[in-house]
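Structural characterization, general
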Amino acid sequence: MYAPQIKSVRPLQQSDKPSKFIGDDGKRIDGRSLDEFRSVFMRTGMVKQAKGSAYIELNNTKVICSAYGPRQTNNEFSDKGMLNCDFKIASFASKQRRKKTRDEDKEFSIYMRDALEISVNLDKFPKSVVDVYALVLEDDGSALAAAIMCGSLALADAGIELYDLVGACSAIKVDSHIVIDPSSTEQKYGVGAITCAHMSNLNEITQLTEAGDVEYSTMVEFVNMCVDGCRKMSDKMRQTLATEHLK
Amino acid sequence: MSGYKDDSDEEMNVNQIEKDNEVLLDRKSHVQMTKTNGRLQVQIVTPGELIVKNASNALCGHGTFRDDQDQLLSSVCGIVERVNKLISVRPLRARYPGEVGDVVVGRITEITGKRWKVDIQARQDAVMLLSSVNLPGGVQRRKTNEDQLNMRSVFAENDLIVAEVHSRPNRDGSLQLQTRSSRYGKLENGVFVRVYAALVKRCTQHFHTFDFGVQVILGNNGYIWITKKTPVDENKQKSMPFYTSADADKNEAEVIEGKDRENICRVRNAILALQSQFLPIYPATILDVIEMSKGMESKEMTLPDITPLITKNATARIQKKMEEEDMEVVEGGY
Amino acid sequence: MIKISPSEKQFLIDGIKQNMRTDGRSRLDYRAFTVETGLVAQTNGSARVKLANNTDVLVGVKVEIGDPDPDFPDQGRLEVRVECSPSASPEFEGRGAEEMNAILSAMLRNMLQNARTVDWASLCISPGKQCWIVYVDCLVLDSAGNLFDALSIATKSALFNTKVPKIEVMETSSGQTEIEVSDDPSDFTRLSTASIPISVTLAKVGSRYIVDPTIEEELCMESRVTIAINSKGNICSIQKGGVSSGINPSEFNKMLQHARKIGLVLLKELDALLDKEENNDTSTKIGFAR
């Protein structure tokens, strides 16, 4: 009997770090300017089983999101509703196959819930829960921001009463320039990854996470750029909802 | 001590470890005390410790058990108390045992059927029946089904109340409370503090108003409520009993400000300081601490090196008190 | 689990408005904290932090040799895990602590895992093959509010206390690397901890914000912003939490400024405490749960 002889082969670790993130012409590797989003595609209502659903594409970052409920809970009496978010990344979403890392999913689920719950009028459904499930099909950076926006669209599509739509935007510092909507390469080698969710009509930040050592002045710039980005995105979300609604 | 002799007429052997010390009995509180180096100390036993060797005559009280050699052992850590033949151990950090007539402060945990469940730091939540509260406005009448539906507007979940232990109706040890007096009812606009139930000293009056305008309710169960003294309005007091949720909505609570708030903080921190030194909590000791803390900011009172300093007078008071009681006992013809 | 009635809540909120909290502190007052280091002999470094005798956290750091992260082959690795022990509060039992654990671990990881906090490159032994893995394991022993800041202070202290054994890397004839760990316990290196940040948590209650909230105050807060500050005054991580209110961007900037100021003061205080702790002879310490 032959057993196929397999040598364990480790893939060669080649650094994919480019020598320069920002070209001499002030453009990024993928040809965008510093504060330019990738091509955005949004639509709603693609999951027929769900009460509301949405899909967002930031070029190679693809997120699908569905909202269910409100449904009754068995928990303690509460005169306010609850939002339950579940964030998952598909195992084929990034270059290397993702092993199950529940920790990260849990962390992002919490961020997503915090970002969205403030926008939901929870007084309208006491003792109930609304579930929002986000699935990242492909992750080429800014997956959390995409998931938050997608969740907000799904909630709106499900007819849940909202105070405002939640726009979200990530930014990072590469080669001492701040860029928004970073790709996964930029995200990997940049400093100070920030993701911010913002309700543009109420002008309130609903969620903000940042990791990485930056000066105070940079941080202020970060927040301003993100808030601007969020505004742009929520305009886009409004357009999408309006056109899909007319269909 | 003749009552404690067993059949063989041998003196009851009281806690061998302490046998070199003079054993005294504080008649007032029935607490077993020992004198070590001229200092009075309450006798503290640990679980499994021998209290009485030949215990065929003694009665086995709370916190004690009898082994197969007829010895009486302690099952909790606490103070030995004896009343005639009954020997019991009062635990220091256990839950509130409950006694009918006690004033307690409690928190509503649940509303089921015709009753509220109330957390009073006892083994089980106490119950309070719809029939044992006064309705908003103080009307006295039979409670209807409608009242039952509106129970949440009287006391809602998480509300704090002051009540009296009415009875112990069941064998499972749960207590029944009542608020059928103008003194009892919902607590509003103040601070809640939790201490060990054993530290709250039994007094004739558990509602106390300090002359600097702060009222404390020292619940026997170790829950304490501190608030600003409300000006007594005679008419109001009679016609309208304590607030319920419905009443509270009507009269917008006054915001406590400035000096009053500072005083409330001071009383709160004084009580916590007493607890950290394991000293009994009653108006006199609270005042002692407040007196000592004059000249410092109220926030300093919680600093770990400050608490022993500000409780010095209270400690001295307790020590003195114990000695006085000792004297009385001796004079009483020992 | 601690509960609070609407009326108590109102009292707390009024107090915060008047800058007089229930324990007498003003809005930006921290509780007194104590730091002890080198408590757990089985670890390479450990620390315990208590906030006003109430919040109690213990952090143990272990370093082990292992595989580096394939994405960063020339750096050491960090593993952070926070565990809220059910002995701290019955609500942490079973899966109850899951969310708290996740959010606390994420905060610490974000705070530490960037190139400038620890010199991660110095923890590389043989690029792509072997490196030091720093395991930071945090236990919450008692929780009375502000776990975030307590954990960040304890983590910095534990890393300050950490001793990495000296090693020697040898190339064998067959091209393999062999590592020899020094068995002399006094032969160790320290981590560079000067630029490790600590966090300052601001809790927004009503229109005001406070630092170092107690557990009761945490029940009243509308949102929480945890901001990590290092000795240069740089911001190393931010995490916003809390689900009942958003924050206006200009207000957010103000919070950043406040946190920075408070963080720098706290860092100075902590550095002094750690130096003192380091010079103390810890071998004579008895009774750790003081």
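Report on the accompanying structure. (Residues numbered from 1 in each chain as written. Chains lettered and ligands numbered in written order. Predicted model: local features only at pLDDT ≥ 70, side-chain atom pairs only at ≥ 80, totals over all residues.)

**Quick look at the overall build of chain B**
A count of helices and strands for chain B gives eight helices and 20 strands. Taken across its 334 residues, chain B has 36% of its residues classed as buried. Intrachain contacts of chain B at a sequence separation of at least 6 include 62% that bridge at least 24 residues. (Helix = DSSP H or I, 4+ residues; strand = E, 2+ residues; numbered from the N terminus. Buried ≥ 20, exposed ≤ 12 C-beta atoms within 10 Å, placed from the backbone. Contact = placed C-beta atoms within 7 Å.)

**What about the environment of Ser39 of chain A?**
Residues and elements named next belong to chain A. On the secondary structure map, Ser39 appears in the segment before β1 (40-44). Of the residues examined, Ser39 has 9 C-beta atoms within 10 Å and is grouped as exposed. Between the C-alpha atoms of Ser39 and Lys27, which are 12 residues apart in sequence, the distance is 16 Å.

**Comments concerning the packing of helix α5 (residues 258-276) of chain B against helix α6 (residues 283-292) of chain B**
All names here are of chain B. Relative orientation of the contacting elements α5 and α6 amounts to 110 degrees, with a least axis distance of 9 Å. Taken together, the axes of α5 and α6 lie roughly perpendicular to each other. Residues Arg266, Val267, Ala270, Ile271, Ala273 and Leu274 of α5 pack against Thr285, Ile286, Val289 and Ile290 of α6. Looking at the contact of α5 with α6 residue by residue, the classes come out as eight nonpolar, one polar and one charged. (Axes fitted to C-alpha atoms, helices over the stretch in contact; angles between N-to-C directions. Parallel < 35°, antiparallel > 145°, perpendicular 65-115°, else oblique. Nonpolar A, V, L, I, M, F, W, Y, C, P; charged D, E, K, R; others polar.)

**A closer look at the interface of chain C and chain A**
Across the contact, 37 residues belong to chain C and 30 residues belong to chain A. At the level of secondary structure, the elements contributing two or more residues to the side of chain C that touches chain A comprise α2 (98-112), β14 (235-241) and α5 (249-279) of chain C. Two strands pair when backbone bridges link them, and strand β9 (residues 204-214) of chain A and β14 of chain C are joined in this way by four bridges, in the antiparallel orientation. Across the sheet, Thr209 of chain A pairs through a bridge with Gln239 of chain C, a residue of β14 of chain C. (Pairing = 2+ DSSP bridges.)

**Considerations on unusual backbone geometry**
All names here are of chain A. Along the chain, Gly69 connects to Pro70 via a cis peptide bond; the corresponding omega equals 0 degrees. With respect to the secondary-structure elements, Pro70 resides in strand β3 (residues 61-72). The backbone phi angle of Ser142 is positive, close to 60 degrees, even though this residue is not glycine. Judged by local crowding, Ser142 falls into the buried class, with 29 C-beta atoms found within 10 Å. Of note in this structure, Asp181 is not a glycine but carries a positive phi near 50 degrees. The topology assignment puts Asp181 in the loop between β7 (177-180) and α3 (184-189). Judged by the 26 C-beta atoms lying within 10 Å of it, Asp181 is buried.

**A few points about the interface of chain C and chain B**
Facing 19 residues of chain C, the contacting portion of chain B comprises 25 residues. Of the residues assigned to the side of chain C that touches chain B, the class counts are five nonpolar, eight polar and six charged.

**Notes on the nonpolar core**
Within the largest apolar cluster, 203 residues are counted, with the highest numbers of intra-cluster contacts made by Val132, Ala147, Ile148, Met149, Cys150 and Ala168 of chain A together with Ile224 of chain B. With 12 residues, the single largest contributor to this core is helix α2 (residues 143-157) of chain A. Val45, Val52, Ala58 and Leu72 of chain B belong to the second largest nonpolar core, which has 10 residues in total. (Core = buried A, V, L, I, M, F, W, Y, C linked by C-beta atoms within 7 Å.)

**Some thoughts on the sheet that holds strand β20 (residues 223-228) of chain B**
All names here are of chain B. As summarised here, the arrangement of the four strands in space is β17-β20-β19-β18, forming an open sheet in which the pairing is antiparallel. Looking along the sheet, the strands with just one partner apiece sit at the ends: β17 (190-194) and β18 (207-209). Shown here is a sheet whose adjacent strand axes are inclined to one another by a mean of 20 degrees, direction ignored. Direction of pairing for β17 relative to β20: antiparallel, over a ladder of five bridges. Residue pairing for β20: Val193 is matched across the bridge by Ile224.

**Some details on the packing of helix α1 (residues 102-117) of chain A against α2 of chain C**
Following both chains from N to C, one finds α1 of chain A and α2 of chain C inclined at 95 degrees, their axes separated by 9 Å at the closest point. Taken together, the axes of α1 of chain A and α2 of chain C are roughly perpendicular relative to one another. Here Asp103, Lys106, Glu107 and Ile110 of chain A of α1 of chain A lie close against α2 of chain C, whose contacting residues are Glu98, Glu99, Ala102, Ile103, Ser105 and Ala106 of chain C. Looking at the contact of α1 of chain A with α2 of chain C, its residues break down into four nonpolar, one polar and five charged.

**Structural notes on the environment of Phe155 of chain B**
All names here are of chain B. On the secondary structure map, Phe155 appears in the loop between α2 (151-154) and β14 (160-167). By C-beta crowding, Phe155 is classed as buried, having 26 other C-beta atoms within 10 Å. Between the C-alpha atom of Phe155 and that of Val104, which follows or precedes it by 51 residues, the distance is 16 Å.

**Brief notes about the sheet that holds β9 of chain A**
Across the sheet, which stays open at both edges, the eight strands sit in the order β7(A)-β6(A)-β8(A)-β9(A)-β14(C)-β13(C)-β11(C)-β12(C) with antiparallel pairing between neighbours. Two strands close off the open sheet at either side, each with one partner strand: β7 of chain A together with β12 (208-211) of chain C. Strand-to-strand twist across the sheet, computed as the mean angle between neighbouring axes with direction ignored, equals 20 degrees. Examined bridge by bridge, strand β11 (residues 198-205) of chain C and β12 of chain C share four bridges and lie antiparallel to one another.

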